[in-house]
Amino acid sequence: MRAYRLNGAAAPLRPVEEADPTPGPGQVLVDLKAATLNYRDMIVREGRYGGEQRADLVPLSDGAGIISAVGEGVSPDRLGERVAIGFMPGWSEGPFSAGKQAGALGGGFVDGVLQEKIVVPASGTARLPEDWSFVEGAAYPCAGVTAWNCLFGGRGVWLGETVLIQGTGGVSTFALQFAHAVGARVIVTSSSDAKLAQAKALGAAEGINYRDTPEWGLRAAEIAGGEGVDHVVEVGGSGTLNQALQAVRPGGEVALVGVLTGFGGEVNTGAILMKAINVRGVYVGSVAELAAALRSGIRPVIDRVFPFDRADAAFEHLRSGAHRGKVAIQIAE
Ligand SMILES: NC(=O)c1ccc[n+]([C@@H]2O[C@H](COP(=O)([O-])OP(=O)(O)OC[C@H]3O[C@@H](n4cnc5c(N)ncnc54)[C@H](OP(=O)(O)O)[C@@H]3O)[C@@H](O)[C@H]2O)c1
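Keep in mind that what you see is a predicted model, and the values were worked out from it rather than measured. (Residues numbered from 1 in each chain as written. Predicted model: local features only at pLDDT ≥ 70, side-chain atom pairs only at ≥ 80, totals over all residues. Heavy atoms only, no water.)

**Student:** Sorry if this is basic, but what is going on with the overall build of the chain here?
**Tutor:** In terms of regular secondary structure, the chain is built from 11 helices and 15 strands. In summary, the chain has a C-alpha radius of gyration of 20 Å against a globular reference of 20 Å for 333 residues, a match within 12%. In terms of principal-axis extent, the alpha carbons of the chain reach across some 60 × 40 × 35 Å. Looking at the chain residue by residue over its 333 residues, the buried ones come to 54%. Considering only contacts in the chain between residues 6 or more positions apart, those separated by 24 or more positions represent 70%. Per element, the accessible surface of the chain, about 13300 Å² overall, is 53% carbon and sulfur. (Helix = DSSP H or I, 4+ residues; strand = E, 2+ residues; numbered from the N terminus. Rg over C-alpha atoms; globule rule 2.2 N^0.38 Å. Buried < 20%, exposed > 50% of the residue type's maximum accessible area, 1.4 Å probe, protein only. Contact = heavy atoms within 4.5 Å. Areas by Shrake-Rupley, 256 points an atom, 1.4 Å probe, with all protein chains shown as cover.)

Rendered as structure tokens:
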């Protein structure tokens, strides 16, 4: 089978030919058809993700394909099933743990999905909706599940509440779609007026250009009215968190997912306690959450699909920041 391996931060990915893997007990072999990229993949490639990492990793966490072989103990009925693979295939359900995190695909010492075949636990996959493409399925494992967890894994967003969503990348576009679907009023921030117009077409009620309005947190609170927004999907990290804390109402929730501005920094802890804000760290989610998110039937926004032999160009496109929604790679037809 064909695969790509990392080859240093600046060098192109290294194409390799490797033996097909064989599923062991409780495992399935998935013929991968599509993968999508996340911001994480870029920083893994650059060695900036944190923690130890194998230098020649197969990158990317998010893939979808067809089960083509099953190991001992797995029902042969699963052969031919069209599936998306969990970001952490060993986290089928239940609470998060460090052990489950260590199994995340395409990071640390675990090969990812930029290859034609992969072996994963049978319980690490979720069935795709019938009429979906593999690219659509591959959009969900990280970005879709993270957005789902941000909105519904904590206090839960309710009809009529106001949700503030930062940016228009993969996680944020899913969050906009899910929040709109449950009847929340969504405020989106972006560096681009054109992207804000596209967000409105997807259901955002209001947009704020965070370049033109550096105090966008206050502006979001004003738009929300009352005491502020109910819920924030925080993808920026330390550089945006203090604005998010301005935006959110007392007792509201900030679902903290992102590190776009870095992993650490100064945080207004006073605001967190004085407003009794629930700042909840989110690390993607389980395969059960993947299955639930797919059941929403909400089709992801796919920005662009690159062929397998142009995998490097897909990384460059993500790096450019020109995308809205998901950047994908078609591994096979
Ligand atoms: N914790 C988790 O489980 C988890 C899971 C997935 C992702 N993440 C993290 O979440 C973040 C987003 O990931 P992604 O894959 O969705 O990234 P992405 O597709 O590359 O999207 C990034 C988008 O964020 C927006 N952005 C950049 N800087 C910003 C800023 N200072 N303020 C507000 N928005 C900003 C930009 O939107 P505009 O172009 O509209 O300005 C950009 O398109 C990353 O930090 C990633 O590591 C965490």
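**Student:** Looking at this model, I keep getting lost on the site of the ligand. Mind explaining?
**Tutor:** Around the ligand there are 25 residues in total, and Thr168, Ser190, Ser191, Val282 and Val284 lie nearest to it. With respect to the ligand, the backbone of Val171 contributes an N or O atom lying 2.9 Å from an oxygen atom. The contact in question runs from an oxygen atom of the ligand to an N or O atom on the side chain of Tyr210, over 2.7 Å. Protein contact buries 89% of the 920 Å² of open area that the ligand shows by itself. In terms of residue class, the shell around the ligand is built from 11 nonpolar, 13 polar and one charged. (Near = heavy atom within 4 Å. Polar contact = N/O pair within 3.5 Å; in protein donor to acceptor, adjacent residues only side chain to side chain. Nonpolar A, V, L, I, M, F, W, Y, C, P; charged D, E, K, R; others polar.)

**Student:** Mind showing me how you'd approach the sheet that holds strand 11 (residues 229-234) here?
**Tutor:** Strand pairing in a sheet relies on backbone hydrogen bonds, with the paired strands running either antiparallel or parallel. If you trace the six strands from one edge of the open sheet to the other, you get 10-9-8-11-12-13, paired in parallel fashion. Two strands bound the open sheet, and with one partner strand each, they are strand 10 (206-209) and strand 13 (278-281). Going from strand to strand, the sheet's axes swing by 20° on average, the running direction of each strand aside. Pairing analysis gives four bridges linking strand 12 (residues 248-256) to strand 13, with the strands arranged parallel. Among the inter-strand pairings, Ala255 is bridged to a residue of strand 13, identified as Arg280. Sheet strands touched by helix 5 (residues 170-181): strand 8 (162-166), strand 9 (185-190) and strand 11. Its angle to strand 8, the strand with the most contacts, is close to 165°. (Pairing = 2+ DSSP bridges. Axes fitted to C-alpha atoms, helices over the stretch in contact; angles between N-to-C directions.)

**Student:** So what exactly am I meant to see when it comes to helix 6 (residues 193-201) here?
**Tutor:** For an α-helix, 3.6 residues make a turn, and residues three or four places apart therefore share a direction. Turning to helix 6, its buried residues number three or more, namely Lys195, Leu196 and Ala199. Relative to the axis of helix 6, the buried residues are bounded by an arc of 105° and lie together on one face. When the buried face of helix 6 is taken as reference, the exposed residues oriented beyond 90 degrees from it are Asp193, Ala194 and Ala201. Its side-chain oxygen 3.3 Å from the backbone nitrogen of Ala194, Ser192 forms the N-cap of helix 6. (Arc of directions from axis to C-beta.)

**Student:** Teacher, can you tell me more about the packing of helix 7 (residues 216-224) against helix 8 (residues 238-247) here?
**Tutor:** Packed helix pairs are specified by the crossing angle of their axes together with the interaxial distance, meaning the distance between the axes. Across the interface, helix 7 lies against helix 8 with an axial gap of 7 Å and an inter-helix angle of 20°. Taken together, the axes of helix 7 and helix 8 are roughly parallel relative to one another. As for the relative orientation of helix 7 and helix 8, their crossing is right-handed in sense. Contacts between helix 7 and helix 8 pair Trp216, Gly217, Leu218, Ala220 and Ala221 from the former with Thr240, Gln243, Ala244, Gln246 and Ala247 from the latter. Residues belonging to the contact of helix 7 with helix 8 are distributed by class as follows: six nonpolar, four polar and no charged. (Parallel < 35°, antiparallel > 145°, perpendicular 65-115°, else oblique. Left-handed = near helix turned anticlockwise from the far one by under 90°.)

**Student:** Explain the domain arrangement of the chain here, please?
**Tutor:** Where the parts come together, the accessible area they lose is often given as the size of the interface. On domain assignment, one finds that the chain holds domain 1 (2-140 + 285-330) and domain 2 (154-281). For domain 1 and domain 2, the distance between their C-alpha centres works out to 28 Å. On the domain 2 side, the residues contacting the 18 residues of domain 1 number 15 residues. Between the two partners, domain 1 and domain 2, sit zero salt bridges. The tally of links between domain 1 and domain 2 comes to five residue pairs in polar contact (both at pLDDT 80 or more). (Domains from an automatic or database assignment. Salt bridge = Lys/Arg side-chain N within 4 Å of Asp/Glu carboxyl O.)

**Student:** Help me understand empty space enclosed by the protein in this model?
**Tutor:** Empty space left among the atoms is revealed by rolling a probe the size of a water molecule over them. Going through the model one piece at a time under the given rule, you end up with one cavity of 30 Å³ or more. Quantified by volume, the largest cavity comes out at close to 40 Å³. Around the largest cavity, the lining residues are Ile165, Gly167, Thr168, Ser172, Thr173, Leu176, Val188, Ala199, Leu202 and Arg324. Take the lining of the largest cavity: its biggest share by element is three residues, from helix 5. Classifying every residue of the lining of the largest cavity gives five nonpolar, four polar and one charged. (1 Å grid on protein atoms, 1.4 Å probe; cavity = no way out; pocket = protein on both sides within 12 Å on 5 of 7 lines; lining within 4 Å. Points joined across faces, edges and corners; volume = space filled by probe spheres on them.)

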